[in-house]
Amino acid sequence: MAFTLPELPYAYDALGPYMSKETLEFHHDKHHNAYVTKGNELAEKAGMADLSVEEVVKKSYGTDQALFNNAAQHYNHIHFWKWMTPNGGGKSLPEKLQKAFDADLGGYDKFKADFEAAGAGQFGSGWAWVAVKSGKLEIIKTPNGENPLVHGGVPILGVDVWEHSYYIDYRNARPKYLSAFVDSLVNWDYVLECYEKATA
């Protein structure tokens, strides 16, 4: 199935002051749109145009780098927009999610420290993730467009640490962006939805 650019689930100015309208306009309308356009072109050439984005990501990994880059970034961003919400973040996790974070990640405070450290420690472009792997939650970081799908996991939360995700608002202060993401942007209801699907 052809990749399509999803609409943002909120207004462009809804995530301020933590993520600006300008950042979302560039990130969604330009960067994500480019992954969709190029991904469709390359998927067609590779004979994968009828596959789901998850299938394209897994099949192209290690075999077609250009297609993988665009398909993986499309997948990552489909979820990234939903992993944020106005008035999000903070410690009020749904109970089922809180129990999993306590059991597997050492509780909210340790999650916050480890997740932000993963994002800050990713050299160059990439992502930090909370993923379900072998039935348990773990925090990982990946370079460029790589995601947990190609490492035996399923992401339930991810943060984009490519500079285009934060440079307009935070310049080179990536740790400040990561802290704002966790404290004020995370859509815990969508994280729970992803967790329930990954553990069903």
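Residues numbered from 1 in each chain as written. Predicted model: local features only at pLDDT ≥ 70, side-chain atom pairs only at ≥ 80, totals over all residues. Heavy atoms only, no water.

Undergrad: Explanation requested: the pairing of strand 2 (residues 136-143) in the structure shown.
TA: A regular strand places its side chains on the two faces of the sheet in alternate fashion. With 8 bridges joining them, strand 1 (residues 126-133) and strand 2 adopt antiparallel strand pairing. Looking at strand 2, one finds that alanine 131 is bridged to glutamate 138. Two successive antiparallel strands, strand 1 and strand 2, enclose a turn made up of 2 residues, where serine 134 displays a positive phi of approximately 55 degrees. (Pairing = 2+ DSSP bridges. Helix = DSSP H or I, 4+ residues; strand = E, 2+ residues; numbered from the N terminus.)

Undergrad: Sorry if this is basic, but what is going on with the pattern of salt bridges here?
TA: Oppositely charged side chains can pair when the atoms bearing their charge come close. Scanning all chains against the criterion turns up 11 salt bridges. Where aspartate 104 meets lysine 136, a salt bridge forms, and the shortest distance between an N and an O atom there is 3.7 Å. Remark: lysine 136 occurs in strand 2 and aspartate 104 occurs in helix 4 (residues 95-105); sequence separation between them is 32 residues. Under the relative-accessibility criterion, lysine 136 is labelled exposed at 52%. The shortest N-O distance in the salt bridge between aspartate 183 and lysine 112 comes to 2.9 Å. You can see aspartate 183 sitting in helix 7 (residues 174-185) and its partner lysine 112 sitting in helix 5 (residues 108-121), a full 71 residues away along the chain. When salt bridges with common partners are traced through the structure, they connect Lys38, Glu41 and Lys45 into a single cluster. (Salt bridge = Lys/Arg side-chain N within 4 Å of Asp/Glu carboxyl O. Buried < 20%, exposed > 50% of the residue type's maximum accessible area, 1.4 Å probe, protein only.)

Undergrad: Can you walk me through the sheet that holds strand 3 (residues 154-160) in this structure?
TA: Each strand in a sheet pairs with its neighbour through backbone hydrogen bonds, running either in the same direction (parallel) or in the opposite one (antiparallel). Read across the open sheet, the 3 strands follow the order 2-1-3; overall the sheet is antiparallel. Looking at which strands have only one partner, the edges of the open sheet turn out to be strand 2 and strand 3. Each strand axis lies, on average, 20 degrees off the axis of its neighbour in the sheet, ignoring direction. Lying on the sheet, helix 8 (residues 188-198) is in contact with strand 1, strand 2 and strand 3; it crosses strand 3 at an angle near 145 degrees. (Axes fitted to C-alpha atoms, helices over the stretch in contact; angles between N-to-C directions. Contact = heavy atoms within 4.5 Å.)

Undergrad: I keep staring at the UniProt feature "binding site: Mn(2+)" (unreviewed entry) in the protein chain and nothing clicks. Help me out?
TA: Under the present numbering, the feature "binding site: Mn(2+)" (unreviewed entry) in UniProt falls on His27, His77, Asp160 and His164. The greatest C-alpha distance among the annotated residues, which extend across 138 residues, is 12.6 Å, indicating that they converge on a single site. In this fold, histidine 77 is placed in helix 3 (residues 65-82). In contact with histidine 77, other than residues within four places in its own chain, are His27, His32, Tyr35, Trp127, Asp160 and His164. Within the secondary structure layout, aspartate 160 lies in strand 3. A residue is classified by how much of its surface remains accessible, and aspartate 160, at 0% relative accessible area, is buried. When residues no more than four places from it in sequence are discounted, the contact partners of aspartate 160 are His27, His77, Phe80, Gly126, Trp127, Ser165 and Tyr177. A distance of 3.1 Å separates polar atoms of two side chains, one belonging to aspartate 160 and the other to histidine 77. (UniProt positions renumbered as here; feature names shortened; annotations may be inferred. Polar contact = N/O pair within 3.5 Å; in protein donor to acceptor, adjacent residues only side chain to side chain.)

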